[in-house]
Amino acid sequence: MTGGVASAAGGHRAPAALLLDLAHDIVGFSSGNGGGGCRGDFKKDCSDLVRKVALLTHLMEEIRDNGAVNASTSCPSSSASSSTSDWWCDLLVALQAAKRLLLTAVSFHSIDSSDGPAKRISFQFQCVAWKLEKALGKIPYDYFDISEEVQEQVALVRAQLRRAIERYGSLNSRKVFNSLFQPLEKEACNANHEVSSKLDDSPEIFGPRGDGSDKEIKRLERVKRSSMSSEVCPSNEIDAKGQENLVTKDPEEIKKSDALLVPNDFLCPISLELMRDPVIVATGQTYERSYIQRWIDGGNLTCPKTQQKLDNLTLTPNHVLRSLISQWCAKHNIERPRGLANGRIKKSDGSFRDINSDMAAIQALVRKLSSRCSEECRAAVAEIRSLSKRSTDNRILFAEAGAIPVLVNLLTTEDITIQEHAVTSILNLSIFENNKSLIMLAGAIPSIVQVLRAGSMEARENAAATLFSLSLADENKIIIGASGAISALVDLLQNGSLRGKKDAATALFNLCIYHGNRGRAVRAGIIKALLRMLTDPRTCMVDEALTILSILASNLEAKIAIVKASTIPVLIDLLRTGLPRNKENATAILLSLCKRDSENLACVSRLGAAIPLTELAQSGTERAKRKATSLLEHLHKLNQH
């Protein structure tokens, strides 16, 4: 391989050393090296952030030491290479954001703690925590052979970051967003440009410390920007050999691209990133859909930028601005990643295949979708369903031919067969990553939810599977959660076929990874449905129920509902009779329910959980041993009082 992140032994060592140096710079703030020590109004926040980053240095050291060995012994697949690149980029951006924030916050003093700069800094701590937690969730532990001890450290840091996100969220509440569209501080802006001046014209991607690190920062930043929006940013798609298109560009071309400034009107006032799905709120302001939806999910009824009350919560697509952004991207050769170029499509061996004849046939098929003849439309959509299932090439070609918007329109047809074929075709097309954003931009979610509610059982099953596929993108979790999909999925979980229940469970688990969706799931009655799955052996879905409960149990609203539904006795019974994985998840759920809750802990003690927990602490899986031991310690402390 040439130029990929894992292309050579030094390929992992250079960025690992780069990230490690950046982490050491951040840790230096606590002792005064470069940052003057932690003081000022945000002293505790700065110290907490520095401490978390310090724990991550062990991770980076192991990657530096182990990465070269793995690179020389087992080259990753293209998907692994892409995943590795993603988390490098995300972690780099998060650490850079942390350093810039510390430069501003480490000695910040304010007469009025409620003033604009203080609120902006407070919100930036929440943003940095969110970025770090997200990046750490993508780490390929197995590939880098990360030790279990270090993995536990990372898990601890992620848990701390999640608590910090919630804490900052409650502190900031509705007031913080009124200043998000303003720059953080002059110092932060200057720090943001430090790296920009260091780009070297050398085409070498990896090199020794010094200039090589600066080039690596630039490379990772470019990859990060290109992954920000699958519709409008430069392609960095990695082929089956793991070779990145990006590294084949001429250095002058890269340098020119880096100097490009995005017009302010194209940036979301909340995220300050190029918008790919701009929407207008009631005040006339435009935001990126996923960010404004997150704001509304927090219970906020005002416009973040103007602070005016929103007369309604309708989000209207800004088609004019989206068109302008697309035109600007085209003018500057910035476009979404795509597998099709100049009538040719890249094959798995890296060569290209001419698809002009195939494209003509596919375009003809797509045109038939709009036929007034039901039989012709039905035959065409059935053929698209079949072809889109067969290969990635077909999924790319159908998207290029404009099939997605037409298929979305067919979701509302009264013809049951056409509807089934249409939703299944969209499911098949969504498997190709770049098509996910096209499906979202076509406004498919409301129609998919309608199929999920009122379609045939086959259509409902495939609608649930489609929502799962689309929700693999984090920003889509927010949009899907706000669409009413969760209540429809819970209904399918309760009343669907076995396959439908499994599809619904998978989609619900993935959606509930986003904290804002957990309360929605509880209010939709998911706890009752999960308890039925735990107690009815005919469902054969104990694993799925426990997995969803394990992610819900950290949510206060869910925790109350779980206890109220008398789930604790069922979980304790599973400790005695369940399979090893069931016991592991049941223990994890009980531990979450009992933390900082003496009443639940006393209930667990009364029901005789100590005996099965003791057995589990000795002979369970590694995770079960840790959870059981921790819960036994809590029980021991309770009995001492």
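Residues numbered from 1 in each chain as written. Predicted model: local features only at pLDDT ≥ 70, side-chain atom pairs only at ≥ 80, totals over all residues. Heavy atoms only, no water.

A few words now on the overall build of the protein chain. Counting secondary structure elements, the protein chain contains 31 helices and six strands. The contacts of the protein chain with a sequence gap of at least 6 include a subset with a gap of at least 24, amounting to 71%. Within the structure as shown, the protein chain displays about 28,500 Å² of accessible surface, and the carbon and sulfur contribution to it stands at 50%. (Helix = DSSP H or I, 4+ residues; strand = E, 2+ residues; numbered from the N terminus. Contact = heavy atoms within 4.5 Å. Areas by Shrake-Rupley, 256 points an atom, 1.4 Å probe, with all protein chains shown as cover.)

A separate point is the environment of L571. On the secondary structure map, L571 appears in helix α27 (residues 568–577). Take L571: its relative accessible area is 0%, and that puts it in the buried class. Sequence separation between L571 and N582 is eleven residues; the distance between their C-alpha atoms is 9.1 Å. Apart from the residues within four sequence positions on either side, L571 is in contact with L546, A586, I589, L590 and L593. (Buried < 20%, exposed > 50% of the residue type's maximum accessible area, 1.4 Å probe, protein only.)

Tallied over the entire structure, the rule returns one aromatic pair. Residues F266 and W328 carry aromatic rings whose centres are separated by 6.0 Å and whose planes lie at 75° to one another, so their mutual orientation is edge-to-face. You can see F266 sitting in the loop between α9 (251–258) and β1 (278–280) and its partner W328 sitting in helix α11 (residues 319–331), a full 62 residues away along the chain. The burial state of F266 is the same as that of W328; both residues are buried. (Phe/Tyr/Trp six-rings, centres within 6.5 Å; stacked < 30°, edge-to-face > 60°.)

Structurally, the position occupied by Q160 is in helix α6 (residues 148–172). A relative accessible area of 19% places Q160 in the buried class. Setting aside its immediate chain neighbours within four residues, Q160 contacts K52 and L55.

Another aspect to go through is the pattern of salt bridges. Two side chains of opposite charge can pair, provided their charged atoms sit close to one another. As enumerated under the stated definition, the model contains 18 salt bridges in all. Residues D474 and K477 are paired through a salt bridge, measuring 3.1 Å at the closest nitrogen-oxygen approach. Taken together, the residues span about one helical turn, with D474 and K477 both in helix α20 (residues 474–481) at a distance of three residues. Judged by its relative accessible area of 30%, D474 falls in the partly exposed class. E544 is the partner of K502 in a salt bridge, and the nearest nitrogen-oxygen pair spans 3.0 Å. Note that K502 is positioned in helix α22 (residues 498–511) and E544 in helix α25 (residues 542–552), a separation of 42 residues in sequence. One salt-bridge network, held together by shared partners, links K44, D48 and R51. (Salt bridge = Lys/Arg side-chain N within 4 Å of Asp/Glu carboxyl O.)

In this section: the nonpolar core. Formed by 99 residues in total, the largest nonpolar core has its most connected members in L407, L493 and I526. Once you skip the residues sitting within four places of it in the chain, L493 turns out to touch K501, A504, A505, L508, I526, A529, L530, M533 and M541. Residues L19, L95, A97 and L161 belong to the second largest nonpolar core, which totals 48 residues. (Core = buried A, V, L, I, M, F, W, Y, C linked by side-chain atoms within 4.5 Å.)

Exposure remark for K477: the relative accessible area of 4% places this residue in the buried category. Note: C-alpha distance between K477 and G516 (39 residues apart in sequence) is 9.4 Å. Setting aside chain neighbours within four positions, we find K477 in contact with S471, L472, N510, L511, I513, Y514 and N517.

This part is about empty space enclosed by the protein. Empty space left among the atoms is revealed by rolling a probe the size of a water molecule over them. Counting across every chain of the model gives three cavities of 30 Å³ or more. In this structure, the second largest cavity occupies an estimated 50 Å³ of space. If you go around the second largest cavity, the residues you meet are R276, D277, E288, S437, M440, L441, E475, N476 and I479. Sorting the residues of the lining of the second largest cavity by element identifies α17 (433–441) and α20 as the ones contributing at least two each. (1 Å grid on protein atoms, 1.4 Å probe; cavity = no way out; pocket = protein on both sides within 12 Å on 5 of 7 lines; lining within 4 Å. Points joined across faces, edges and corners; volume = space filled by probe spheres on them.)

The next subject is helix α30 (residues 610–619). The α-helix advances 3.6 residues per turn, and as a result positions three or four apart in sequence lie on the same side. Those residues of α30 lying buried are P612, L613 and L616. In a view along the axis of α30, the buried residues occupy a sector of 100°, so they form one face of it. Residues of α30 that are exposed and angled more than 90 degrees away from the buried face: I611, Q618 and S619. Buried-residue contacts for α30 involve α27, α28 (580–594) and α31 (622–640). (Arc of directions from axis to C-beta.)

For the rest of this paragraph, the subject is the packing of helix α16 (residues 416–430) against helix α19 (residues 457–470). What describes two packed helices is the angle between their axes and the distance between those same axes. Viewed as axis vectors pointing N to C, α16 and α19 meet at an angle of 20°, and their least axial separation amounts to 9 Å. The angle between α16 and α19 places the two elements in the roughly parallel class. As α16 packs across α19, the resulting crossing turns out to be left-handed. Judged by residue contacts, Q419, E420, V423, T424, I426, L427 and S430 of α16 engage E458, A459, N462, A463, A465, T466, S469 and L470 from α19. (Axes fitted to C-alpha atoms, helices over the stretch in contact; angles between N-to-C directions. Parallel < 35°, antiparallel > 145°, perpendicular 65-115°, else oblique. Left-handed = near helix turned anticlockwise from the far one by under 90°.)

Turning to the confidence of the model for the protein chain, a few remarks are in order. Looking at the protein chain as a whole, the pLDDT averages 74, with 72% of positions reaching at least 70. Here residues 68–84 scores under 50 on pLDDT; set against residues more than four positions off or in separate chains, the count is 30 contacts. For residues 170–259, every residue scores under 50 in pLDDT, and the model assigns this stretch 182 contacts once sequence neighbours within four places are set aside. (pLDDT = per-residue confidence, 0-100.)

What follows concerns the side chain of K501. Within the secondary structure layout, K501 lies in helix α22. Buried within the structure, K501 lacks any salt-bridge partner; D536 is the closest side chain of opposite charge, at an N-O distance of 6.5 Å. Ignoring any residue separated from it by four or fewer positions in sequence, one finds K501 in contact with L492, L493, Q494, G496 and M541. (Lys, Arg positive; Asp, Glu negative; His and termini not counted.)

Bringing the environment of A442 into the picture now. Mapped onto the fold, A442 is located in the loop between α17 and α18 (444–454). Take A442: its relative accessible area is 27%, and that puts it in the partly exposed class. Distance in space between the C-alpha atoms of A442 and V406 is 9.1 Å, their sequence separation being 36 residues. Sequence-distant contacts of A442, that is, excluding residues within four places in its chain, are made with I404, P405 and V408.

On to the sheet that holds β1, then. With respect to topology, three strands assemble into an open sheet ordered β2-β1-β3, the strand pairing being antiparallel. A single partner strand is all that each edge strand has here, and the edge strands are β2 (286–288) and β3 (316–317). Pairing of β1 with β2, which is carried by three bridges, proceeds in the antiparallel orientation. When the bridges of β2 are listed, V279 appears paired with Y287. (Pairing = 2+ DSSP bridges.)

When glycine is set aside, most residues are seen to have a negative phi, and most peptide bonds are trans. Backbone geometry places S566, a non-glycine residue, at a positive phi of 60°. Owing to a relative accessible area of 48%, S566 belongs among the partly exposed residues under this scheme. The backbone phi angle of R596 is positive, close to 55°, even though this residue is not glycine. Mapped onto the secondary structure, R596 falls in the loop between α28 and α29 (598–606).

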